[in-house]
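The residues making up each chain are set out below.
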Amino acid sequence: MKIRLPVAALCLLSCITATAAFAIDYPARKPGLWEMKIGDGTAAAADQTIQQCIDASSDQAMRDMAQGMGTGKDACSKQDMRKAGSTTVIDSVCKVGASIATTHAVVTGDLSTGYRMESTSTYQPPFMGKTEGKAAMDAKWVGPCKADQKPGDMIMSNGMKMNIMDMMGGAK
């Protein structure tokens, strides 16, 4: 079963909200090809698999973009990050569009080989008709980018390819 677009969007938004809060002191991911499986953390919906080719510049640009989506420092009234070994717990309260998203996320692993993030966000008023969104993301580094890929390339589950850097108007 394919995950529906609103569920995928909520999962992605939950991940972005949590990683934007994490961007306070966010270490860079290892350059190369990353594979991310994103879902709502239940067996009821199939995960979306996204491959992403990054370098230092595109990784930073994506964090900057997440902050520009209304989840950045200025839009958050609370950003709390606690780190213990390879586990990071993030609690944030951020404005996302017209809603306030209260997010609790737990990230385990490292950013050079693989990590998992589980997050729960509540939205007041509802966001896209939802009062709560759950997301689970498993990311793993799979090696160097492929010969036909450039930093910023994302390949979605349906095979669609897009480049985040091009969408943002090129590298800064």
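Everything numeric in this text was worked out from a predicted model, so none of it was measured.

What counts and what doesn't
Note that residues are indexed from 1 along each chain, following the sequence as it is written. Totals for whole chains, interfaces and linings use every residue, but because this is a predicted model, local features are given only for residues with pLDDT of at least 70 and side-chain atom pairs only at 80 or more, for both listing and counting. Working from all heavy atoms in the structure, the side-chain values ignore hydrogens and water. Strands here mean DSSP runs of E at least two residues long; helices mean DSSP runs of H or I at least four residues long; both are numbered from the N terminus. Only heavy atoms matter for contacts: two residues are in contact if any of them lie within 4.5 Å across the pair. In short, DSSP must find at least two bridges between two strands for them to pair. Structural elements are reduced to axes, namely lines fitted to C-alpha atoms, with helices fitted over the stretch in contact, and the angle between N-to-C directions of any two is expressed from 0 to 180 degrees. In this description, the term disulfide denotes a pair of cysteine sulfurs within 2.5 Å. Only Phe, Tyr and Trp rings are paired, with Trp represented by its six-membered ring, and only when their centres lie within 6.5 Å; those with planes under 30 degrees apart are stacked, over 60 edge-to-face, the remainder tilted. Partly exposed describes any residue whose relative accessible area lies between the buried limit of under 20% and the exposed limit of over 50%, with all areas from a 1.4 Å probe on protein chains only and scaled to the type maximum. Under this definition, polar contacts are N or O atom pairs within 3.5 Å; protein pairs additionally need one hydrogen-donor-capable and one acceptor-capable atom, and for neighbouring residues in sequence, both atoms have to be side-chain atoms.

**Looking at the overall build of the protein chain**
Now for step 1: Within the protein chain, the regular secondary structure consists of three helices and nine strands.
Now for step 2: Overall, the protein chain shows an N-to-C arrangement of helices and strands of α-β-β-α-β-β-β-β-β-β-β-α.
Now for step 3: In the protein chain, once contacts between residues fewer than 6 apart in sequence are set aside, the share between residues at least 24 apart is 53%.

**With respect to the sheet that holds strand E5 (residues 99-110)**
Now for step 1: Within the open sheet, the nine strands sit side by side as E3-E4-E5-E6-E7-E1-E2-E8-E9. Their pairing is antiparallel. Looking at strand neighbours, the two that pair on one side only are strand E3 (76-84) and strand E9 (161-163), the edges of this open sheet. The average angle at which neighbouring strand axes cross in this sheet is 20 degrees, direction not considered.
Now for step 2: Pairing between strand E8 (residues 153-155) and E9: three bridges, direction antiparallel. Bridge pairing links Met 154 to Met 162 in E9.

**Focus: the state of the cysteines**
Now for step 1: Per the stated rule, a full pass over the model turns up two disulfides.
Now for step 2: Shown here is the disulfide that connects Cys 76 with Cys 94, its sulfur atoms set 2.0 Å apart. On the sign convention where negative means left-handed, the S-S torsion of about 100 degrees between Cys 76 and Cys 94 marks this disulfide as right-handed. On the criterion of sequence distance, the pair formed by Cys 76 in strand E3 and Cys 94 in strand E4 (residues 87-96) is long-range, its members being 18 residues apart.

**Details of the packing of aromatic side chains**
In this description, a pair of aromatic rings is defined by centroid distance and the angle of the planes.
Now for step 1: With the rule as written, the count across this model stands at two aromatic pairs.
Now for step 2: Measuring from centroid to centroid gives 5.7 Å for Trp 34 and Tyr 115, while their planes differ by 55 degrees, and the two rings are tilted. With Trp 34 in strand E1 (residues 32-39) and Tyr 115 in strand E6 (residues 114-127), this residue pair connects regions lying 81 residues apart in the sequence.
Now for step 3: Taking the relative accessible area as the measure of exposure, Tyr 115 reaches 9% and is therefore buried.
Now for step 4: Ring geometry for Tyr 123 versus Phe 127: centroids 5.6 Å apart, planes at 35 degrees, classification tilted. Phe 127 shares its class with Tyr 123; the two are buried.

**Let's talk about unusual backbone geometry**
Now for step 1: The peptide bond linking Gln 124 to Pro 125 adopts the cis configuration, its omega dihedral lying at -10 degrees.
Now for step 2: The topology assignment puts Pro 125 in strand E6.
Now for step 3: Despite not being glycine, Met 128 has its phi angle at roughly 50 degrees, a positive value.
Now for step 4: Note on placement: Met 128 falls in the loop between E6 and strand E7 (130-143).

**Things to note about the side chain of Asp 59**
Now for step 1: Mapped onto the fold, Asp 59 is located in helix H2 (residues 56-71).
Now for step 2: Within the structure, the side chain of Asp 59 is placed 2.9 Å from the backbone nitrogen of Arg 29, a separation counted as a polar contact.
Now for step 3: Excluding residues within four positions of it along the chain, Asp 59 makes contact with Ala 28, Arg 29 and Ile 54.

**A closer look at the side chain of Ser 99**
Now for step 1: By secondary structure assignment, the location of Ser 99 is in strand E5.
Now for step 2: We classify Ser 99 as buried; its relative accessible area is 3%.
Now for step 3: Separated by 2.7 Å, the side chain of Ser 99 and the backbone oxygen of Pro 125 make a polar contact.
Now for step 4: A distance of 3.4 Å separates a polar side-chain atom of Ser 99 from the backbone oxygen of Pro 126.
Now for step 5: Setting aside its immediate chain neighbours within four residues, Ser 99 contacts Cys 94, Tyr 123, Gln 124, Pro 125, Pro 126 and Phe 127.

Shape is all these values report; function is a separate question.
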